[in-house]
Amino acid sequence: MKIGFIGAGNVGCSLGRYLKHNHIMVAGYYSRSRASAKEAAELTDTTQFDTLEEVVKTCDTLFLTVPDGQIQSVWDQVKDFPIEGKKICHCSGAMSAEVFSGIHELGAYGYSIHPMFPFNSKTIPYENIQKAFISVEGDAEKRDAFVKMFEGFGNPVKVLDGKNKTSYHAAAVMASNQVVALMELAVELLATCGFTEEQALQAVRPLAESNLLNILEAGPAKALTGPVERNDVQTVKKHLAVLDGEQKAVYRACSDILMHIAERKYPERDHMEMKEILED
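Here the structure is a predicted model, which means the values were calculated and not measured.

Student: Give me the layout of surface pockets: which residues, what numbers.
Tutor: Taken as a whole, the largest pocket holds about 2,400 Å³ of empty space. When contributions to the lining of the largest pocket are tallied by element, the ones reaching two or more residues are α7 (165-175), α8 (177-191), α9 (197-218), α10 (220-223), α11 (227-230), α12 (233-242) and α13 (245-265). Take the lining of the largest pocket: its biggest share by element is ten residues, from α9. Of the residues in the lining of the largest pocket, the class split is 31 nonpolar, eight polar and three charged. Each pocket or cavity is described by its volume, and for the second largest pocket that value is around 1,000 Å³. If you trace the second largest pocket, you find 42 residues lining it, with V11, V66, D68, C91 and F119 closest to the centre.

Student: Can you tell me about the nonpolar core, naming the residues and giving the values?
Tutor: Counting 29 residues, the largest nonpolar core has F5, L15, L19, F63, I113, F146 and F150 as the members making the most contacts within it. Every element with two or more residues in this core is listed here: β1 (2-6), α1 (10-21), β2 (25-30), β6 (109-116), β7 (133-138) and α6 (140-153). Counting residues per element, this core draws most heavily on α6, which supplies five residues. Once residues lying within four places of it in the same chain are set aside, the contact partners of L19 are I3, F5, I24, V26, M149, F150 and F153. If you look at the next biggest cluster of nonpolar residues, it comprises 22 residues, including A27, L52, V56 and C59.

Student: Go over the environment of K79 with me, naming the residues and quoting the values.
Tutor: Here K79 lies in the loop between α4 (68-78) and β5 (87-90). Between the C-alpha atoms of K79 and E54, which are 25 residues apart in sequence, the distance is 13 Å. Ignoring any residue separated from it by four or fewer positions in sequence, one finds K79 in contact with S101 and L106. Only 3.4 Å separates the side chain of K79 from the side chain of D76, close enough to count as a polar contact.

Student: Describe the sheet that holds β5, listing the residues and the values that go with them.
Tutor: Within the open sheet, the eight strands sit side by side as β3-β2-β1-β4-β5-β6-β7-β8. Their pairing is mixed. What marks the edges here is a single partner per strand, and that holds for β3 (47-48) and β8 (157-159). Where β7 meets β8, three bridges bridge the pair, whose relative direction is parallel. Opposite I134, over in β8, you have V157 as the bridge partner.

Student: Kindly report on the state of the cysteines, identifying the contributing residues and their values.
Tutor: Working definition of a disulfide: a covalent bond connecting the sulfur atoms of two cysteines. Taken as a whole and assessed by the stated rule, the structure comprises zero disulfides. This cysteine, C59, is not joined by any disulfide, and C89 carries the nearest cysteine sulfur, 12 Å off. For C59, a relative accessible area of 1% translates into the label buried. In this structure C193 is a free cysteine whose sulfur lies 19 Å from that of C254, the closest cysteine sulfur available.

Student: Summarise α9; cite the residues concerned and give the values.
Tutor: Over its 22 residues, α9 runs 30 Å from end to end, which matches the ideal 32 Å to within 8%, given 1.5 Å per residue. Along α9, the sharpest kink reaches roughly 40 degrees, centred on V204 and followed within four residues by the proline P206.

Student: Residue-level account of the packing of α1 against α6, with values.
Tutor: The interhelical angle for the contact between α1 and α6, taken along N-to-C directions, is 75 degrees, at an axis separation of 11 Å. The angle between the axes of α1 and α6 places the two elements in the roughly perpendicular class. Contacts from L15, Y18 and L19 in α1 reach M149, F150 and F153 in α6. Taken together, the residues that form the contact of α1 with α6 break down as six nonpolar, no polar and no charged.

Student: Could you give an account of a nonpolar patch on the surface, naming the residues involved and the relevant values?
Tutor: Side chains of L212, I215 and L216 sit close together on the surface and give an oily, nonpolar patch of about 290 Å² of accessible area. Secondary-structure assignment places L212 in helix α9.

Student: Could you give an account of the pairing of strand β4 (residues 61-64), with specific residues and numbers?
Tutor: Neither face of β4 is open: one carries T61 and F63, the other L62 and L64, and all of them are buried. Of the strand pairs in this sheet, β1 and β4 are connected by four bridges, and their pairing is parallel. Each bridged residue has a counterpart across the sheet, and for G4 the counterpart in β4 is L62. Viewed along the sheet, the connection from β4 through α4 into β5 turns out right-handed.

Student: I'd like a rundown of the pattern of salt bridges, residues and numbers included.
Tutor: One pass over the structure, following the stated rule, counts ten salt bridges. Note that R34 is salt-bridged to D50, the shortest N-O span being 3.3 Å. Of the two residues, R34 sits in helix α2 (residues 34-44) while D50 sits in the loop between β3 and α3 (52-58), which places them 16 residues apart along the sequence. For D50, a relative accessible area of 43% gives the class partly exposed. One salt bridge connects E229 with K265, and the closest N-O pair in it is separated by 3.5 Å. Linking E229 in helix α11 with K265 in helix α13, this pair joins segments that are 36 residues apart in sequence. In this structure E229 comes out as buried when scored by relative accessible area, which is 11%.

Calculation criteria
- Residues numbered from 1 in each chain as written.
- Predicted model: local features only at pLDDT ≥ 70, side-chain atom pairs only at ≥ 80, totals over all residues.
- Heavy atoms only, no water.
- 1 Å grid on protein atoms, 1.4 Å probe; cavity = no way out; pocket = protein on both sides within 12 Å on 5 of 7 lines; lining within 4 Å.
- Points joined across faces, edges and corners; volume = space filled by probe spheres on them.
- Helix = DSSP H or I, 4+ residues; strand = E, 2+ residues; numbered from the N terminus.
- Nonpolar A, V, L, I, M, F, W, Y, C, P; charged D, E, K, R; others polar.
- Core = buried A, V, L, I, M, F, W, Y, C linked by side-chain atoms within 4.5 Å.
- Buried < 20%, exposed > 50% of the residue type's maximum accessible area, 1.4 Å probe, protein only.
- Contact = heavy atoms within 4.5 Å.
- Polar contact = N/O pair within 3.5 Å; in protein donor to acceptor, adjacent residues only side chain to side chain.
- Pairing = 2+ DSSP bridges.
- Disulfide = S-S within 2.5 Å.
- Expected span 1.5 Å × (residues − 1).
- Bend = angle between axes of the 7 residues up to and from the residue.
- Axes fitted to C-alpha atoms, helices over the stretch in contact; angles between N-to-C directions.
- Parallel < 35°, antiparallel > 145°, perpendicular 65-115°, else oblique.
- Patch = residues over 30% accessible without salt bridge, like charges linked within 9 Å, V, L, I, M, F, W, Y side chains within 5 Å.
- Areas by Shrake-Rupley, 256 points an atom, 1.4 Å probe, with all protein chains shown as cover.
- Salt bridge = Lys/Arg side-chain N within 4 Å of Asp/Glu carboxyl O.
- Right-handed = clockwise from strand over helix to strand, strands pointing away.

Written as structure tokens, this is what we have:
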């Protein structure tokens, strides 16, 4: 496998470094920004390709590590070149390999290879990427090569059906990005109590870290604590009374889900009053 990257951002650079670290042949990078391609090539000790045609002709496997909104347009350019027998991949969590329209008629193979990991740098440590869960979706004929490659690195790997990619990505967003929204609301509420942002983050850190660890080790239901879990209607009423419109809407939506978990944990309890105050 001789891999070329089209796109030289955080995902492309970090993934290229990770592949090279694991002794996979990475030929180099092409980007509309020559400076970005040069930087990526230097970070990975590979080649800077000056044209799209050059990287396509040189490599048997192409990773389109560009923003989701650019994948289709880049593919439309790639397929103008001879690509028979080549494997074409993107790293979008939300999109399936179906974005590579007409790929089978061209004799190539399309894949979505998505590391469930927040790439906030071009130089993510190798040991961090090794922990990332990798989803692989696309043509069955060559798919096992990617599965075995990442499993060989030590990554957990899951083969996905393309029809499930949007649900899969929504799950990733809920577990990652939307946690940021909840923490933002927590920091805002502590600010009304006189906390600086630094103090607020210091205050919630042990709570958030311990709770996340409990969730990951025992599952959401067993990790659940708090007023909804205890069916503490009066405390929930007090919370709702001090929250503004947006805060209240988020609190109610989350608490409604927590209540369903609590119902499963404690079917003998009467949860009707809690349901009523969350629906008001």
